[in-house]
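# Observations on the model geometry
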Amino acid sequence: FFYEKALRQGIENKELITYFQPQICLKANRVIGAEALVRWLHPEMGVVPPSKFIGISESTGLIIPLGREILAQACRHWQAWQKQGFELERISVNVSTIQLMHQDFVSSVAEVLAETGINPAVLELEVTESFLLQNEQQGIEVLYALKELGVALSMDDFGTGFSSLSYLKKLPLDQLKIDQSFVQSLPDDAEDLAIVEAIIAVGKAVGVEVIAEGVETELQAKFLHDKGCLLAQGFGFSRPLPPEEFLGWCRSFN
Ligand code: G
Ligand code: G
Ligand code: MN
Ligand code: NA
């Protein structure tokens, strides 16, 4: 069912939209950002999660127009919320390695920034370590070019890849995102606890902010805060929300 043609049509019919998961400052207990997460609002299937179509979008190249559309939607929603008096410090958008390594990626980000007129510092791009395995030198150059645009960079799924930590010295990162697999069993699992503490220490050592994802319980949030991880997102605060519900949720939380 989920073949190229269906997805292409879905993109053309504007069926692909972004949900937003709030990111919380644990110190202030306030929403400071949001991660944009794509959903396919299929006329017959209902809400289709990205796990069902990101793979095919990558193998067909459709991730290029789709990714650009998601980026533009995220920036437009940020602006709409700002107009309503709610100014998020940042909006995070996932970027797959195929997008990042595409020759036009940096210029497409620049175009979306120009089109929407948002402050580039508000936009954070989430990348994964896998680009380093493909073409490390090219990947590093792309990240520096993105930093020139003024956007922030986050390393998603941190700790799950096969890369050496030495890249932390080479890459212009602003944030490490602790993968939810390490957060899930906190604070009971001794290994996960050690890994999370180590990531927080690495973040401090290289001067990069750390955020935990997959935070589901109050105990996890308290534990992370006490260990010095001051940012979190997860079902414990909110699931990814449709854009029309996001602002209301943030207003009642803050
Ligand atoms: O929202 P959900 O938890 O189902 O997301 C599952 C996966 O899909 C995550 O790994 C996330 O990185 C990926 N994903 C979600 N939205 C996007 C997107 O807009 N672009 C890319 N490249 N990946 C996305
Ligand atoms: O790959 P990436 O880390 O971008 O994707 C985040 C994914 O994690 C999304 O699919 C999102 O819906 C999911 N997610 C977000 N918060 C939680 C959580 O608290 N628990 C679980 N199990 N999944 C979560
Ligand atoms: Mn992500
Ligand atoms: Na992740």
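Just so we're clear, the structure is a prediction, and the values are computed from it rather than from any experiment. (Residues numbered from 1 in each chain as written. Chains lettered and ligands numbered in written order. Predicted model: local features only at pLDDT ≥ 70, side-chain atom pairs only at ≥ 80, totals over all residues.)

The angle between the axes and the distance between the axes are what describe a pair of packed helices. It is at 10 Å that the axes of helix α3 (residues 63-83) and helix α5 (residues 105-116) come closest, and there the two elements cross at 30 degrees. Considered as vectors, α3 and α5 are oriented roughly parallel to each other. Once α3 is placed against α5, the crossing between them reads as right-handed. Between α3, through R68, L71, A72, C75, R76 and Q79, and α5, the contact on the second element is made entirely by S108, V109, V112, E115 and T116. (Axes fitted to C-alpha atoms, helices over the stretch in contact; angles between N-to-C directions. Helix = DSSP H or I, 4+ residues; strand = E, 2+ residues; numbered from the N terminus. Parallel < 35°, antiparallel > 145°, perpendicular 65-115°, else oblique. Left-handed = near helix turned anticlockwise from the far one by under 90°. Contact = placed C-beta atoms within 7 Å.)

What follows deals with the site of ligand 1. Around ligand 1, the structure places L37, V38, P49, P50, S51, I54, G67, I70, N94, V95, S96 and P240. Sorting the residues of the shell around ligand 1 by element identifies β2 (30-42) and α3 as the ones contributing at least two each. In the shell around ligand 1, the residues fall into eight nonpolar, four polar and no charged. (Near = placed C-beta within 6 Å. Nonpolar A, V, L, I, M, F, W, Y, C, P; charged D, E, K, R; others polar.)

All right, on to the site of ligand 2 then. N94, G214, E216, G234 and F235 are the nearest of the 13 residues found near ligand 2. Taken together, the residues of the shell around ligand 2 sort by class into four nonpolar, five polar and four charged.

With that out of the way, let us pick up the pairing of strand β7 (residues 175-178). Here β7 shows two buried faces, one formed by Q175 and K177 and the other by L176 and I178. The pairing of β7 with strand β8 (residues 209-212) spans four bridges and is classified as parallel. Within β8, the residue paired with K177 across the bridge is I211. (Buried ≥ 20, exposed ≤ 12 C-beta atoms within 10 Å, placed from the backbone. Pairing = 2+ DSSP bridges.)

Another aspect to go through is the confidence of the model for the protein. Looking at the protein as a whole, the pLDDT averages 96, with 99% of positions reaching at least 70. In the predicted complex, the global pTM is 0.97; the interface-specific ipTM is 0.95. (pLDDT = per-residue confidence, 0-100.)

Core analysis: the biggest nonpolar cluster contains 62 residues, and A74, I91, V93, L123, I178, A212 and A232 have the highest contact counts within it. Top contributing element to this core by residue count: α3, with seven residues. Setting aside residues no more than four positions away along its own chain, L123 makes contact with C75, I91, V93, I118, V151 and A152. (Core = buried A, V, L, I, M, F, W, Y, C linked by C-beta atoms within 7 Å.)

With 20 residues, helix α6 (residues 130-149) ought to run about 28 Å at 1.5 Å a step, yet its terminal C-alpha atoms sit only 23 Å apart, falling short of that. Along its length, α6 reaches its greatest deviation from straightness, about 120 degrees, at E136. Among the residues of α6, F131, L132, G139, V142, L143 and L146 are the ones counted as buried. On the buried face of α6, the contacting elements are α4 (97-100), α5, β5 (123-127), β6 (152-158) and α7 (167-170). Count one or two residues on from α6 and you reach G150, which has phi positive near 100 degrees. (Expected span 1.5 Å × (residues − 1). Bend = angle between axes of the 7 residues up to and from the residue.)

What follows is about the packing of α5 against α6. The contact between α5 and α6 brings their axes to 10 Å, and the two run at 15 degrees. Relative to α6, α5 is oriented roughly parallel. The handedness of the crossing between α5 and α6 comes out as right-handed. Between α5, through F105, V106, V109, A110 and L113, and α6, the contact on the second element is made entirely by V142, A145, L146 and L149. Tallied by class, residues from the contact of α5 with α6 come to nine nonpolar, no polar and no charged.

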